[in-house]
Amino acid sequence: MQQYDIVIIGGGPAGLAAAIKAKEEGIDSILILERDKSFGGILNQCIHNGFGLHTFKEELTGPEYAQRFIDKVEEAKIQYKLNTMVIDINEKKIITAVNDEDGILEIQAKAIILAMGCRERPRGAINIPGSRCAGIYTAGTAQKFVNIEGEMPGKEVVILGSGDIGLIMARRMTLEGAKVKAVVELMPYSGGLKRNIVQCLDDFNIPLRLAHTVTKIEGKDRVTGVTISKVDKNLKPIKGTEEYIACDTLLLSVGLLPENELSRTAGVKLGVTGGPEVDERMGTNVEGIFACGNVLHVHDLVDFVTEESYNAGKNASDYVKGKKVEEYKVELFTGEGVGYTVPKFIHKNNIGNGVDVRFRVRNVYKDSYISVYFDDTREIYKKKRVLAPGEMETVKLTEEMFGKYPDCKSITVKIEGIL
């Protein structure tokens, strides 16, 4: 059985950043396991720019951003195995993996960092009536066809869902000569970043149909069109509002799910995001297992993935070195308007330079306040002109704040002054 101090599962932006940080912290026995034939994860097919503004203070494409970290891994001589699928993690932190070269591998780790990323929700998750005809793809699959394989999925396109990947593919398909008839969104607001709505839809005169959904897919062998309907406040289609749109392709951008089958087998407790519940160290409920990136919660900017992964790499290294944190930890709760927080727990003796608490709101709020309560006392009251689910929010909790409330039992993040 092979033995390593730290084994990182996933060679996307999260796994690479965690590995580099662990190496910088003096850990030499590191192994990255990646199931694909190359590092980089989803960034390899994100050929648009806009990456790296926080991390490198310059604008990069996805592959360029990934390559910066791949180069660092190579320079640091960090060990890795590509084309290697992890199939099990047990309670003793023994990892079982398979590949063509080694067959079945068993690897004993002192610490494990989960960085498996996320996957798209498929058609089966949203139950749209219609036959199993060709021409229906998730937006990420279409992105891979266009940007990596050099193939066009279709010429007349409707996109269901206005998450960032759906918005970006509306622009990409248009640039490649397709006609994007509409982006249809179930909610009364977009699920993507405001800049993507402007740059990907408004700049190309692509209509965004809010509070609508696809209620029927037409076509036997190939999609010939879709019927869309307006939805009520309960998100149910309203009869009499049906509208037919002729198209040969339907792209689905209906949400991302953290990839956590392995986390479950390892006994890791999952939270409302579908990812692990972690503390400020990115540590899970299983001692010695850490998580970072989209396997934890879906990010809007890869720069934030990098920050989080550096944190996981540092704390996994501290764990291997024997550094302990106190048993007692403060739990974070969500109040009105807040969907979740990461982290879920904070050790009061491990605040350091502060803890960034990231979260998403449940709806669009204007001229409201982000409030943070230590028990029943409000410590943060921060006005925001607009809050939207498509943009992740951050509040920083400092050592000074915890010093004010030494007996604090809980912290609550909520939205107040909702109009």
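A. View of the overall build of the protein. Across its full length, the protein holds 8 helices and 25 strands. For the protein, the C-alpha radius of gyration of 22 Å lies close to 22 Å, the compact-globule estimate for 419 residues. On the principal axes, the C-alpha backbone points of the protein span a range of 65 × 60 × 40 Å. When each of the 419 residues of the protein is scored for burial, the buried share is 53%. Within the protein, residue pairs in contact and separated by at least 24 positions form 62% of the contacts whose partners lie at least 6 positions apart. Each charge class in the protein can be summarised by its mean position, and for the 55 positive and 59 negative side chains these summaries are 4 Å apart.

B. A look at the packing of helix H2 (residues 62-75) against helix H7 (residues 302-320). As a packed pair, H2 and H7 sit with axes 11 Å apart at the nearest point and diverge in direction by 25°. In terms of orientation, H2 and H7 fall into the roughly parallel class. Viewed along their axes, H2 and H7 form a crossing whose handedness is right-handed. Across the interface between the two elements, Tyr65, Phe69 and Lys72 from H2 touch Val302, Asp303, Thr306 and Tyr310 from H7. Here the contact of H2 with H7 is composed, by residue class, of 4 nonpolar, 1 polar and 2 charged.

C. Focus on the environment of histidine 212. By secondary structure assignment, the location of histidine 212 is in strand E12 (residues 212-218). The buried category is assigned to histidine 212, whose relative accessible area is 11%. In this structure the C-alpha to C-alpha distance between histidine 212 and leucine 186, which are 26 residues apart in sequence, comes to 4.9 Å. Beyond its immediate chain neighbours, meaning those up to four positions away, histidine 212 contacts Val184, Glu185, Leu186, Ile228, Ser229, Lys230 and Val231.

D. Spotlight on the state of the cysteines. For the structure shown, the criterion picks out 0 disulfides. Free cysteine: cysteine 133, not disulfide-bonded; nearest cysteine sulfur from cysteine 247 at 9.2 Å. For cysteine 247, a relative accessible area of 2% translates into the label buried.

E. View of the packing of aromatic side chains. On inspection of all chains with the given rule, the structure shows 9 aromatic pairs. Ring geometry for phenylalanine 374 and phenylalanine 402: centres 5.3 Å apart, planes at 80°, overall edge-to-face. Pair noted here: phenylalanine 374 is in strand E22 (residues 365-374) and phenylalanine 402 is in helix H8 (residues 399-404), with a separation of 28 residues, a long-range link. The same class applies to phenylalanine 374 and to phenylalanine 402, which are both buried.

F. Region of the structure containing the sheet that holds strand E8 (residues 136-138). As summarised here, the arrangement of the 5 strands in space is E8-E15-E9-E10-E11, forming an open sheet in which the pairing is parallel. One side of each edge strand has no neighbouring strand; the edge strands of this open sheet are E8 and strand E11 (208-209). Where strand E10 (residues 179-184) lies against E11, 2 bridges are found, and the strand directions are parallel. The residue of E11 that forms the bridge with valine 184 is arginine 209. Those strands touched by helix H3 (residues 139-149) are E8 and strand E15 (249-252), and its axis lies near 95° from that of E8.

G. Seen up close, H3. For H3, every residue scored as buried is listed here: Ala139, Gly140, Ala142, Gln143, Val146 and Asn147. One side of H3 carries all its buried residues, which in axial view fall inside an arc of 155°. Against strand E7 (118-120), E8, helix H4 (164-175) and E15 lie the buried residues of H3. Remark: glycine 150 follows H3 within two positions and exhibits a positive phi of approximately 70°.

Here is what the cut-offs are and how they apply
- Residues numbered from 1 in each chain as written.
- Predicted model: local features only at pLDDT ≥ 70, side-chain atom pairs only at ≥ 80, totals over all residues.
- Heavy atoms only, no water.
- Helix = DSSP H or I, 4+ residues; strand = E, 2+ residues; numbered from the N terminus.
- Rg over C-alpha atoms; globule rule 2.2 N^0.38 Å.
- Buried < 20%, exposed > 50% of the residue type's maximum accessible area, 1.4 Å probe, protein only.
- Contact = heavy atoms within 4.5 Å.
- Lys, Arg positive; Asp, Glu negative; His and termini not counted.
- Charge placed at Lys NZ, Arg CZ, Asp CG, Glu CD.
- Axes fitted to C-alpha atoms, helices over the stretch in contact; angles between N-to-C directions.
- Parallel < 35°, antiparallel > 145°, perpendicular 65-115°, else oblique.
- Left-handed = near helix turned anticlockwise from the far one by under 90°.
- Nonpolar A, V, L, I, M, F, W, Y, C, P; charged D, E, K, R; others polar.
- Disulfide = S-S within 2.5 Å.
- Phe/Tyr/Trp six-rings, centres within 6.5 Å; stacked < 30°, edge-to-face > 60°.
- Pairing = 2+ DSSP bridges.
- Arc of directions from axis to C-beta.

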